[in-house]
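# Summary of structural features
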Amino acid sequence: MSKQKIAVTGLGMVTCVGLEREDAWKNLLAGRSGVSRIEGIDLTDFKVVIAGQVKDFDPTAFMDPKDVRKADRYSQFALAATTQAMAQSGIHEAADPLRCGVIIGSGMGGMNTFQDQVLRMAKRGPRMVSPLFIPMTIADMASGLVSIKYGFRGPNFCTVSACASGGHAIAVAADQIRNGHADVMISGGAEAGICAVGLAGFANMKALSTRNDDPEAASRPFDAERDGFVMGEGAGILVLESEEHARQRGAEILAFLEGYGATGDAFHMTQPDNEGRGAIGSMTTALKDAGLAPEDVGYINAHGTSTYFNDKIETFAIKQALGEHARRVKISSTKSMMGHLLGAAGGVEAVVTCLALRDGVLPPTINLENPDPECDLDYCKDGPVEMKVQHAISNSFGFGGHNITLCFGAAR
């Protein structure tokens, strides 16, 4: 595999803490939670009524109204985040469309459309199911719609690996550039799973926090009183380019994607390997791919879901992967403020990691008031940390035992 450097030249995100990259970043650094009571769903009889729901989102700001009706909410998020990233990259007229591609991951695809059409069929019969049901629901349509908008005709598909989907998309997109199949890739993750059936499914498997009376304090990674994750939604998108392509067109390089590691637990459908072997392997492989030693890592954006098993096992895995340096590295879980964006988490958290490298400031982990004795590393619990970091990693782990670690480096 060619080891040409992969430049990050555009970033975009849509989350419950901000509809635009810089607003969201400012709120994350301020430790503001976007978790609140869910709107727009009849919550009667629901065990969980809170989420990191994106509110006041207007897709007509970047889509024709007739096209909005043809795109599920997760695709709309992907288009919104891509619009931000592409505007920052300035790449619109400086690329060969055959050398530009799109890979956007999603764990569940068009869940809102799926739910609505099943209910419609149950009530009105099969002939009333929308002819757009399938194209709006399938998980690859975000990639398809983005490629249509920008005319990118290079590699184009979707990664689906539950909560690792966005991270896997970025890794595979980087490989397209490394292997010479593309010069530019739009990549990341998008998810919109906050609908009645999605909420009920996660709640009934006892994965979600039931701290309904205090939404902003519900997501509490690494805290002894954590009781489950909080659902989130949105999208995080990166524009990736070969360094040569970016420099030839005079682009501002925001960060570098230096390497990645991908592993499988081969253990359980939903619970992480209790010896952390998959997570350890993804981190050590990422460092090897990037040509880095554990001591080179200054920051980890943790998967940090606020679930009992994930947080203690990820902590253990970091210790095993980094050795003594684990005690010195700064770690945070931005899920404490945004909730868990599922298939979009890896995309959004990659954006956050790049912003941390860009600005020399590390976001906090909020709600960490009573640390779990088994979670005994430095999680930036007292607020943002001003610190110039040269190398950082971002972890994403998904149901099915899917693990991905992305390694980013500061622009220089």
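This is a predicted model, so every value here is computed, not measured.

## Description of the pattern of salt bridges
- Applying the stated rule across the entire model yields 23 salt bridges.
- Ionic pairing is found between Glu369 and Arg220, a salt bridge with its closest N-O pair at 3.0 Å. Here Glu369, found in the loop between strand S11 (361-362) and strand S12 (385-386), pairs with Arg220, found in the loop between helix H8 (196-204) and strand S7 (234-242); they are 149 residues apart in sequence, far enough to count as distant.
- According to the relative accessible area criterion, Arg220 is buried, its value standing at 2%.
- Among the charged side chains, a network of salt bridges with common partners joins Glu20, Arg21, Glu22, Arg358 and Asp359.

## Topic: helix H10 (residues 277-290)
- The terminal C-alpha atoms of H10, which comprises 14 residues, lie 20 Å apart, in line with the 20 Å expected from a rise of 1.5 Å per residue.
- Listed in full, the buried residues belonging to H10 are Gly278, Ala279, Ile280, Gly281, Ser282, Met283, Ala286, Leu287 and Ala290.

## Remarks on the sheet that holds strand S4 (residues 100-105)
- The strand order across the open sheet built from 10 strands is S5-S4-S6-S7-S1-S8-S14-S13-S9-S10, with neighbouring strands paired in mixed fashion. The open sheet has two free edges, formed respectively by strand S5 (156-157) and strand S10 (330-332), since each of these has just one partner strand.
- In this structure, strand S1 (residues 6-14) lies alongside S7, joined through eight bridges in antiparallel fashion. Paired with Gly12 across the strands is Ile237, a residue of S7.
- Helix-sheet contacts for helix H7 (residues 165-178) involve S1, S4, S5, strand S6 (184-191), S7, strand S8 (255-264) and strand S14 (402-410), and the interaxial angle to S6 is about 170°.
- Where H10 meets the sheet, its contacts fall on S8, strand S13 (391-398) and S14, and the angle it forms with S8 comes to roughly 145°.

## Focus on the packing of H10 against helix H11 (residues 308-322)
- Contact geometry for H10 and H11: axes closest at 8 Å, N-to-C directions at 40°. Here H10 lies oblique to H11, going by the angle between them. Where H10 crosses over H11, the two elements pack in a sense that is right-handed. For the pair formed by H10 and H11, the contact residues are Ala279, Ile280, Met283, Thr284 and Leu287 on the first element and Phe316, Ala317, Ile318, Gln320, Ala321 and Leu322 on the second.

Calculation notes
- Numbering of residues starts from 1 in each chain and follows the order in which that chain's sequence is written.
- The predicted nature of this model means local features are confined to residues of pLDDT at least 70 and side-chain atom pairs, given and counted, to a pLDDT of 80 or more, with totals for whole chains, interfaces and linings taken over all residues.
- As a convention, hydrogens and water are excluded, and side-chain values are obtained from all of the structure's heavy atoms.
- For this analysis, a salt bridge means a side-chain nitrogen from Lys or Arg found within 4 Å of a carboxyl oxygen belonging to Asp or Glu.
- What counts as a helix is a DSSP run of H or I of at least four residues, what counts as a strand is a run of E of at least two, and both are numbered from the N terminus.
- Accessibility here uses a 1.4 Å probe with only protein chains present; expressed as a share of the type maximum, an area under 20% marks a residue as buried, one over 50% as exposed, and anything in between as partly exposed.
- In a helix, the anticipated span is given by 1.5 Å times the number of residues less one.
- By this definition, two strands are paired if DSSP reports at least two bridges between them.
- We call two residues in contact when some of their heavy atoms are within 4.5 Å.
- Where helices are involved, their axes are fitted lines through C-alpha atoms of the stretch in contact, as for all axes, and angles between N-to-C directions lie from 0 to 180°.
- For classification purposes, an angle smaller than 35 degrees is called roughly parallel, one larger than 145 roughly antiparallel, one from 65 to 115 roughly perpendicular, and anything else oblique.
- By convention, the crossing between two helices is left-handed when the near helix turns anticlockwise from the far helix through less than a right angle, and right-handed when the turn is clockwise.

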